Each structure stands twice: as C-alpha cells, then as structure tokens.
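Each chain, letter by letter, is given below.
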Amino acid sequence: MTSPVWHPFTQHGLGEPVPLVTRAEGAILQTADGRRVIDAISSWWVTTHGHCHPRILAAIRAQAEKLDQLIFAGWTHEPAETLARDLIAIMPPALTKVFFSDSGSTSVEVALKMALGHFANRGEDRSRIVVMAGSYHGDTIGGMSVGARGVFNKSYAPLLFDVDVIPFPEPGAEQATLDTLESLCRQRPAALIVEPLILGAGGMRIYPAAVLRMMREICAAHGVLFIADEVMTGWGRTGTLLACEQADVVPDLLCLSKGLTGGSLPLAVTLATDEIFASHLSEDRSRMFFHSSSYTANPIACAAAVANLAIWREEPVRERIADIARRQAELSVPLAEKVSNLRQIGTIVAMEVEQPEGSYLSALGPRLTAHFRERNVLLRPLGNTLYVMPPYCISDDDLARVYAVIGEAMEGM
Ligand SMILES: *Cc1c(COP(=O)(O)O)cnc(C)c1O
C-alpha cells in the first residue's frame, strides 16, 4: 500500500526508501524495522542537546497540562513572557523586543516586513532588500525571494520580488563584496539580510568574521537595517551562541528558530531593536505591525524553549560544543586527501566530493545518501557538498562511526 504522505524535498517518482522512525534518544533514531541510526545532521539542523532531552520533555509535559494554546494578539501567557525575558538576557543588549512566529521562514518574513514597516512608518521611501548570492532564507515566497535562485524555485520565479545581490566573499575577492554593498547602500535600500559566517543550504560556504564585521559597518553608515538570519547558525552551531558574536556584530533584526526549542517543537523569534519597535509605536492603529499566525507563541513550544535556555544557562553546553568541534577536527583529518575543500566552523564540518558537472540534482548526492542510509547513518549531502552537523550529545563512538562511514564512501568513489 502506498502512503498518502507527500514528503518535502522528495522525488516520489524515484521510489527511494522512506524509513519509518518510531523513537529517538540523544543522537540515535530507532526505526520500525529495528535499526539504530546515528542522526549526524541533527534532523536537519534542529536538534542541539539531543532528541527527547529529559528536561525539555518534562517542560512540554508540564505545560501541556496547563495551557495548550492561546490567541496571542492582545493576550499573553507565562511561557512566552519568561522566554522573551530569558532571551533578552542572553542576546545582545541592543535587541530588546521579541516577536514570535513558527518557523525559520516566518521569522525571515517577519524581519523583512518589520524593516519595510519601519521606514514606511517614518515616511521614508526605502523598500529594497540587499542579499548575498547563494544564500538560503526559507521556502516561503519572501524567503525564496531573498534567497538564491535556482532549480529549487525556477517555477515560482514569477511570484518572487526583485532584490539587489552582493557577491559571496570568495577568498581574495572580499573587497568586491564590500564595494558592491557600499554602492548598493548609497541607493538607500531598507535592509541587508545575511547568514552570518556560513551559508547553510547554499553549500556550507564559510566566510571570514572580518567581512561580516565590515558589512555591518557599511550598513550602519548608510542607515541600512542589518538582518542576521541565524536560523541555522544560532544556538552554538558555529562554536558560539550566535555566529555574529565572532564578528562582534549586533544586528538590527535577528532571526532564530531551529535550535530555539532544542529542536523539539516548531517555534521562531525575530528580535528587534528599540528603534524598530518605536517606529511602530503610536496611538494610530494603522502603524501597528500587521503580522500573526494562528499558533504564534504556542505555550507548549515556548515552554520547550524556556527549558532549552535553562540548559544553556545551567549545563556546560559551550564546553560540549568545543569538545565535539575538537573531536571532529581530529576525525576529519584522514578525509583531507580524499575530498576537496575540507572545512570546519564550530560543530559543522563540510567537504566537496569531486564529480564532473556537479549540481544539486546530480546522482552523487542521492547515491551517497543511500550509502549512508544502508550503514545506519543519517547524512544528506547538499549536491556534492557533504557535511556533518551532529547533536552536541553525540558519543565518541558514534561520531567516530560517522567519519568511518564517510571515509569508506570516499574509498568507493
Ligand atoms: C532552515 C533555514 C531557514 C528556514 O527555516 P524553516 O524553519 O525551515 O522555515 C531560514 N534561514 C536559514 C539560514 C535556514 O538555515
């Protein structure tokens, strides 16, 4: 019997197996057919402290007994209030307001709308968005519009709005990125949106903190709002709580999701400065921020995020991150001669697997994915880019196994 489920980013016509997972704990998934699978990509970058973390599950259970869901327009609840306060306490002080939504994509949509609302409310005609080539900001129409154009969104191009693009800061060509940004900023756009330090879905491409820092300074000099999309990079992925920290950058708008609930429930926030909040503040209702979705700040998801923040405050999360970064630096050494452009930032290790005419749709990625699936390791290359992004709780043995399986796959190439 075929399943009626239509899976995301899945070509059902290929008939590739879709494993059925029944339980998960830490870095391990259990399948219905009795396999123990190592989740080496944190279930698409969301799981930070591990699956079914006891403290997060306890918070979810407790909250579910009290209040499951509440309209958030004009009403509030304790988990959202606590979460907002706890977030403000660990995020850069200039970010003073927390707007909730449900996914990384919606947190980006919210940031873009806040940027345009900010200038509209101030009577300034600024509405263009500047983006970095090769970026990914989600699959909603706005997210796709500010992201890289390609096979993923070719059919939907007529729906996408126009943006201004700066080149990715290739090694040795960083100045071209900064010069393009400078000249675009002179045309008074509303905002720049960037993935700080590393483009995730765009191929795990890393660029220097100094470039991020200079991009921020150029935006500040021209009054262009700086939107940091830390949906992937946030929550320790690059070695620090936020990637922006490494460049000493404080954005005007900050998007967080994925690891916000430790990867347990869908939730996102867009953090904003006082100035952006103030431009929406008025006795005139027509200047309010016009955005909501039904499940905005769902109490159970907020309680999970409160527990995540407690884990960050009370457990040695930064030490665990430093430790798995160090272990991966060692484990990846033998791969250096088998792959090209082996690179690492914090807990993320990425490499290019050589193949003529590489593209996302080439057969290599699916072939590798199948190889790993057969060996009970969940890895999912982005085209020819293979990467490891494990939960911070992964054991030494399981991490070693992931790298052994990759090494084996490279031997077979
Ligand atoms: C995953 C991701 C998004 C989209 O988040 P969803 O929760 O999948 O909508 C946006 N920006 C970046 C940088 C991401 O990695």
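Calculation rules
- Residues numbered from 1 in each chain as written.
- Predicted model: local features only at pLDDT ≥ 70, side-chain atom pairs only at ≥ 80, totals over all residues.
- Heavy atoms only, no water.
- Core = buried A, V, L, I, M, F, W, Y, C linked by side-chain atoms within 4.5 Å.
- Buried < 20%, exposed > 50% of the residue type's maximum accessible area, 1.4 Å probe, protein only.
- Helix = DSSP H or I, 4+ residues; strand = E, 2+ residues; numbered from the N terminus.
- Contact = heavy atoms within 4.5 Å.
- Near = heavy atom within 4 Å.
- Polar contact = N/O pair within 3.5 Å; in protein donor to acceptor, adjacent residues only side chain to side chain.
- Areas by Shrake-Rupley, 256 points an atom, 1.4 Å probe, with all protein chains shown as cover.
- Nonpolar A, V, L, I, M, F, W, Y, C, P; charged D, E, K, R; others polar.
- UniProt positions renumbered as here; feature names shortened; annotations may be inferred.
- Axes fitted to C-alpha atoms, helices over the stretch in contact; angles between N-to-C directions.
- Left-handed = near helix turned anticlockwise from the far one by under 90°.
- Pairing = 2+ DSSP bridges.
- Salt bridge = Lys/Arg side-chain N within 4 Å of Asp/Glu carboxyl O.

(A) Structural detail: the nonpolar core. Counting 93 residues, the largest nonpolar core has M204, M215, L379, V402 and I406 as the members making the most contacts within it. For this core, the element with the highest residue contribution is helix α9 (residues 299-314), accounting for 10 residues. Excluding its chain neighbours within four sequence positions, the residues that come into contact with M215 are M132, I166, T177, L178, L181, L192, V194, Y207 and F226. One finds V110, A115, I129 and A191 within the second-largest nonpolar core, a separate group that totals 23 residues.

(B) Main features of the site of the ligand. Close to the ligand lie W45, S103, G104, S105, Y136, H137, G138, E195, D229, V231, M232 and K258, which account for all nearby residues. Interatomic distance of 2.8 Å between a backbone N/O atom of G104 and an oxygen atom of the ligand. The side chain of S105 places a nitrogen or oxygen atom 2.5 Å from an oxygen atom of the ligand. Here the ligand loses 83% of its free accessible area of 380 Å² to cover by the protein chains. Taken together, the residues of the shell around the ligand sort by class into 4 nonpolar, 5 polar and 3 charged.

(C) Spotlight on the UniProt feature "modified residue: N6-(pyridoxal phosphate)lysine" (unreviewed entry) in the chain. The feature "modified residue: N6-(pyridoxal phosphate)lysine" (unreviewed entry), as annotated in UniProt, sits at K258 in this numbering. Its place among the elements puts K258 in the loop between β11 (253-256) and β12 (268-273). Every residue in contact with K258, bar those within four places of it in the chain, is listed here: W44, W45, V46, V231, M232 and G263.

(D) Summary view of the packing of helix α3 (residues 78-90) against α9. Look at α3 against α9: their axes get within 8 Å of each other, and the N-to-C directions meet at 35°. The chirality of how α3 crosses α9 is left-handed. Of the residues in α9, those touching α3 at P79, A80, T82, L83, D86, L87 and I90 are P299, C302, A303, A305, V306, L309 and R313. Partitioned by chemical class, the residues of the contact of α3 with α9 number 11 nonpolar, 1 polar and 2 charged.

(E) Representation of the sheet that holds strand β14 (residues 348-352) in the model. Judged by pairing direction, the sheet is antiparallel, and its 3 strands sit side by side in the order β13-β14-β16 without closing on themselves. In this open sheet, the two edge strands, each paired with only one partner strand, are β13 (340-345) and β16 (385-388). Going across the sheet, the axis of each strand differs from the next one's by a mean of 15°, ignoring polarity. Pairing analysis gives 4 bridges linking β14 to β16, with the strands arranged antiparallel. Its bridge partner being in β16, M351 is matched across the sheet by L386. On the sheet, helix α10 (residues 317-331) packs against β13, β14 and β16 and is oriented at approximately 165° with respect to β13.

(F) Local environment of unusual backbone geometry. A positive phi angle, near 45°, is found at F9, a position not held by glycine. Structurally, F9 is set in the segment before β1 (21-25). Of note in the backbone geometry, W45 takes a positive phi value of approximately 80° without being a glycine. Secondary-structure assignment places W45 in helix α1 (residues 42-45).

(G) Inspection of the pattern of salt bridges at higher detail. Throughout the structure, instances matching the rule amount to 24 salt bridges. Taking the shortest distance from any N to any O, the salt bridge between E170 and R205 comes out at 2.7 Å. Taken together, the residues E170 in the loop between β6 (164-166) and α6 (174-185) and R205 in strand β9 (residues 205-206) connect sequence positions 35 residues apart. Since its relative accessible area comes to 26%, R205 is described here as partly exposed. For R320, the salt bridge identified is with E315, shortest N-O distance 3.0 Å. Salt bridges here are not isolated pairs; linked through shared partners, they connect R122, E124, R126, R188 and E275.

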